[in-house]
Amino acid sequence: MSYIILTILFLLSGFFMKYSDDLFDVNEDIKFASVFGVLCAITSAAATVYSVEAAYIFIAILIGNLIALKVDGIHHIITLLLFVLICLLFGIPELSLVVLLICILAALGDEVGHELISKFTKNRFLNLFFEYRCVMKVVILLLAVCGVFSFWIFLCFISFEIAYEIAGIIFEKFN
């Protein structure tokens with residue numbers, strides 16, 4: 001698999017993740033939210049079993065969301081179970097616990113900050129920083145600068161985030 005395919009998997013995963021969440025949260029459409037969740041699980045698990053860098057990112061997002069109690073619907077449970085099943089069947093690359101912990105803390109910081117920061121400050125920068133979940137972006141960039149990750153995986157993660165935002169815009173436009 002090349003970086004182009006990995007980028008496509010990140011794009012699709014970000015899009016499917018957001019669309020699944022919006023279908024459930026806004027329309028209460030469990031059926032289609034679950035379908036998009038399954039698509040998200042397949043694309044993110046495919047990236048995870050192929051790339052150690054992707055594994056850090058997607059496992060950290062999963063664990064960070066679990067700790068933040070953001071796994072709050074049947075579509076999330078289905079997605080989680082399928083992701084774990086695929087990873088168990090195909091295996092994940094060997095991970096450094098230190099790097100994984102750094103990524104988990106970044107994902108958790110994004111989720112907690114996204115929910116809480118606007119309740120504690122009116123600072124525009126901080127509100128935008130956490131609204132767009134920038135902790136993980138900064139951490140992945142720093143890991144790339146330090147040589148732990150490739151710069152390409154940072155670009156893959158940015159593509160994930162862009163696709164996530166585009167899915168939100170498309171959802172709002174057509175629902």
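Participant: Explain the overall build of the chain to me, please; I cannot follow it from the model alone.
Facilitator: Broken down by element type, the chain carries eight helices and zero strands. Computed over C-alpha atoms, the radius of gyration of the chain comes to 15 Å, within 12% of the 16 Å expected from 2.2 N^0.38 for 175 residues, which places it in the range of a compact globule. Here the C-alpha coordinates of the chain stretch approximately 40 × 40 × 30 Å along the principal axes. A sequence separation of at least 24 residues applies to 74% of the contacts in the chain between residues at least 6 apart. Of the roughly 9,300 Å² of accessible surface on the chain, a fraction of 73% belongs to carbon and sulfur atoms. Across the chain, the centroid of the 9 positively charged side chains sits 7 Å from that of the 15 negatively charged ones.

Participant: What am I meant to see in the packing of helix H3 (residues 52-67) against helix H8 (residues 151-174) here?
Facilitator: Two packed helices can be described by the angle between their axes and the distance between those axes. For the pair H3 and H8, the least separation of the axes is 10 Å and the interaxial angle reads 40°. Relative to H8, H3 is oriented oblique. The handedness of the crossing between H3 and H8 comes out as right-handed. Residues Glu53, Ala54, Ile57, Phe58 and Ile61 of H3 pack against Ile153, Phe157 and Phe160 of H8. The residue inventory of the contact of H3 with H8, partitioned by class, reads seven nonpolar, no polar and one charged.

Participant: Just to check I follow, could you spell out the packing of aromatic side chains for this structure?
Facilitator: Centre distance and the angle of the planes are the two values used to describe a pair of aromatic rings. According to the stated counting rule, one finds 14 aromatic pairs in the structure shown. Here the aromatic rings of Tyr19 and Phe171 are separated by 5.5 Å at their centres, their planes lie at 80°, and the arrangement is edge-to-face. Of the two residues, Tyr19 is situated in helix H1 (residues 3-25) and Phe171 in helix H8; the sequence distance between them amounts to 152 residues. Here Tyr19 and Phe171 have matching classes, each one buried. With centroids separated by 6.5 Å and ring planes inclined at 25°, the aromatic side chains of Phe160 and Tyr164 adopt a geometry described as stacked.

Participant: How do you make sense of the side chain of Ser44 when you look at a structure like this?
Facilitator: With respect to the secondary-structure elements, Ser44 resides in helix H2 (residues 30-50). Within polar-contact distance, the side chain of Ser44 engages the backbone oxygen of Ala41 at 3.5 Å. Among residues more than four places away in sequence, those in contact with Ser44 are Ser13, Phe58 and Phe83.

Participant: Please clarify how the packing of H1 against H8 should be interpreted in this entry.
Facilitator: Two elements in contact, H1 and H8, have axes whose closest approach is 7 Å; the angle formed by their N-to-C orientations is 35°. Here H1 and H8 pass one another in a crossing that is right-handed. Split into classes, the residues belonging to the contact of H1 with H8 amount to 18 nonpolar, five polar and three charged.

Basis of the calculations
Residues numbered from 1 in each chain as written. Predicted model: local features only at pLDDT ≥ 70, side-chain atom pairs only at ≥ 80, totals over all residues. Heavy atoms only, no water. Helix = DSSP H or I, 4+ residues; strand = E, 2+ residues; numbered from the N terminus. Rg over C-alpha atoms; globule rule 2.2 N^0.38 Å. Contact = heavy atoms within 4.5 Å. Areas by Shrake-Rupley, 256 points an atom, 1.4 Å probe, with all protein chains shown as cover. Lys, Arg positive; Asp, Glu negative; His and termini not counted. Charge placed at Lys NZ, Arg CZ, Asp CG, Glu CD. Axes fitted to C-alpha atoms, helices over the stretch in contact; angles between N-to-C directions. Parallel < 35°, antiparallel > 145°, perpendicular 65-115°, else oblique. Left-handed = near helix turned anticlockwise from the far one by under 90°. Nonpolar A, V, L, I, M, F, W, Y, C, P; charged D, E, K, R; others polar. Phe/Tyr/Trp six-rings, centres within 6.5 Å; stacked < 30°, edge-to-face > 60°. Buried < 20%, exposed > 50% of the residue type's maximum accessible area, 1.4 Å probe, protein only. Polar contact = N/O pair within 3.5 Å; in protein donor to acceptor, adjacent residues only side chain to side chain.

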